[in-house]
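What the coordinates show
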Amino acid sequence: MNHTEERLPGRKDRCNLTDYEQERRTFDWQEIEKTFSWHETGKVNIAYESIDRHALSDKGDKIALRYSDPTRQSSYTFEEMRKKTNQAGQVFRKLGLKKGDRLFVFMPRSPECYFALLGAIKIGAIVGPLFEAFMETAVRDRLQDSGAAAIVTTPELLHRVPVSELPELKHVILVGEDLKLEDHQTDLIAEMSQASEKLEIEWVDREDGMLLHYTSGSTGKPKGVYHVHNAMIQHYYTGKIVLDLQEEDVYWCTADPGWVTGTSYGIFAPWLNGVTNVVRGGRFSPQDWYDTLQSQEITVWYSAPTAFRMLMGAGNDIVSQYDLSKVRHILSVGEPLNPEVIRWGMQVYKQRIHDTWWMTETGAQLICNYPSMDMKPGSMGKPIPGVEAAIIDDQGNELPPYRMGNLAIRTPWPSMMRKIWNNPGKYQEYFYLSGWYISGDSAYQDEEGYFFFQGRIDDVINTSGERVGPFEVESKLVEHPAIAEAGVIGKPDPVRGEIIKAFISLRKGYEPSEELIQEIRAFVKEGLSAHAAPREIEFKEKLPKTRSGKIMRRVLKAWELDLPTGDLSTIED
Ligand code: WTA
């Protein structure tokens, strides 16, 4: 256990949530709903609430989006965002796309990426954001599983969309310059410039779908986590009390919308709160990031432990070259936030980094540190008001303080996923103990109710805050002609949290070599995605398997970490 009694006091000035315990006692989600117009009309659309509601109020001229990358800088007010997203919606509707259709957005961050995401939601479509690093197999699996009708992408990424294998895909909508269009292709920017700035928004039920985020489990292909418009209640509320967003803030979430943090907290939470949202394209570099914080005058900054660890690695000298005095609130998500990183943050940023815990499936933050609350470095904090979290054993009994068990959340909460696309069985697996959502994480609680993360219970790998399913990587590996069998595990790593390590047994006629290792890595990189490629590969004569033929990752992990292998009674031989 990493239990710590170190305490960093909360602050009382200028925060939206001043008394956590008091708020917990009196909290009522229905009061939060009253923020929204649909509370009376029953008609909802999360894109309308994020953009149009502000555009049509006295905030029309306020900057909603400030985009920058090394080649481009542009800003859009809420009113301009309203028009752009209307035009994108017009283009989609003219193609015949409609409520419930699955539309994917597969492109690097750019203003058009956000117009497309929100425009699609405005016409009632269910949007599937795809990270730009995905390669053909990953793209095909997701489009096939969801029966996607359209994809918005760029000419550069188009070759990774296997159109001929996707009979349900009717439209390829391209974002680029000087496009030469083929059949079933549309030029988004050209069509938008012709389209009306007015759009009849598709008003939907709060339980209607808006987002499909594919994420990895320990078995099977990635699962399509389905979120509904109702999630806005929690996006809005956590934006207020966890991100602590206030009128004058300039907010920067470093996540790509291909991951859930980049939608829930890169789109919805800031815009539902009517705040200026900074999007930075391009790759990570400490200089670039500090420059963004300084030149954009960021006040609230949401990032990930891997990034903080890389910034820590870049040293303190570089920090002193920038003026970061506007930054007033820093948050982290995605993997455990090391106390050491928090201590470093106190030293160089002169403030706390607030850890938050949640998952793709939970749709929004659930366990967090709040500006006004005392922080215990190493703890993810306490559940947001309106949510009950507990540590339970496999029978559903709640465990006393300091006992490690399943981190579970009492169902339901507003932003909870409503299904796994096409897979009711997988969905049910999360709820096998009645009344609880079982996260798959293990944790313990101290006697003051702070939660401490301990690890994953399944074999899901968390590398640089990205979830990678071992099965998906293993399946790709065995497609390589040299590979007979593959087992994949997460190996602890000081910067990335975990790295992917593959154990491989070769087919007859192949010999281990450095060349082969490089070739295998490139094979996964090109077939699946760069972040899924094993950083380490070790060849074995044979892999440990159960009698039913399942690779025993637990044994691989024990080998790797020099731990006892535990019960081997089910091993093959
Ligand atoms: C891990 C990201 C420790 C955890 C929003 C969870 C964390 C998985 C934390 C979800 C945290 C997330 N401390 N671990 N503060 N936040 N995790 O779906 O294992 O990409 O189950 O969602 O990341 O990852 P996902």
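Structure's up top.
This write-up is about the structure you can find in this document. (Residues numbered from 1 in each chain as written. Predicted model: local features only at pLDDT ≥ 70, side-chain atom pairs only at ≥ 80, totals over all residues. Heavy atoms only, no water.)

Our next topic: the sheet that holds strand E18 (residues 405–410). Spatial strand order, E17-E18-E20-E21: 4 strands in an open sheet with antiparallel pairing. Each edge of the open sheet carries a strand with a single partner, namely strand E17 (389–392) and strand E21 (451–456). Each neighbouring strand pair of the sheet contributes to a mean axis angle of 50°, computed without reference to strand direction. With 4 bridges connecting them, E17 and E18 associate as antiparallel partners. Within the sheet, the bridge partner assigned to Ala-389 lies in E18 and is Ile-409. (Pairing = 2+ DSSP bridges. Helix = DSSP H or I, 4+ residues; strand = E, 2+ residues; numbered from the N terminus. Axes fitted to C-alpha atoms, helices over the stretch in contact; angles between N-to-C directions.)

Let us now look at the pattern of salt bridges. Across all of its chains, the model carries 46 salt bridges by this definition. For Glu-448, the salt bridge identified is with Arg-7, shortest N-O distance 3.0 Å. In this pair, Glu-448 sits in the loop between strand E20 (436–445) and E21 while Arg-7 sits in the segment before helix H1 (20–26), placing the two residues 441 residues apart along the sequence. Here Glu-448 falls in the partly exposed class, since its relative accessible area comes to 33%. The partner of Lys-501 in a salt bridge is Glu-560, and the shortest N-O contact between them spans 2.7 Å. Here Lys-501, found in strand E25 (residues 497–506), pairs with Glu-560, found in helix H18 (residues 553–561); they are 59 residues apart in sequence, far enough to count as distant. (Salt bridge = Lys/Arg side-chain N within 4 Å of Asp/Glu carboxyl O. Buried < 20%, exposed > 50% of the residue type's maximum accessible area, 1.4 Å probe, protein only.)

So, on to the packing of aromatic side chains. For the structure on display, the rule yields 31 aromatic pairs. Considering the side-chain rings of Phe-134 and Trp-259, the 6.0 Å spacing of their centres and the 65° angle between planes classify their relative orientation as edge-to-face. Residue Phe-134 is located in the loop between strand E4 (126–130) and helix H7 (136–146), and its partner Trp-259 is located in the loop between strand E10 (250–253) and helix H10 (260–272); the two are separated by 125 residues in the primary sequence. The exposure class of Phe-134 is buried, given its relative accessible area of 6%. Ring-pair connections join several aromatic residues into one group, and the members of that group are Trp-252, Phe-284, Trp-289, Tyr-290, Trp-301, Phe-308, Tyr-322, Trp-344 and Tyr-349. Sitting over the face of the ring of Tyr-450, Lys-382 holds its NZ or CZ atom 4.7 Å from the ring centroid. (Phe/Tyr/Trp six-rings, centres within 6.5 Å; stacked < 30°, edge-to-face > 60°. Lys NZ or Arg CZ within 6 Å of the ring centre and 35° of its normal.)

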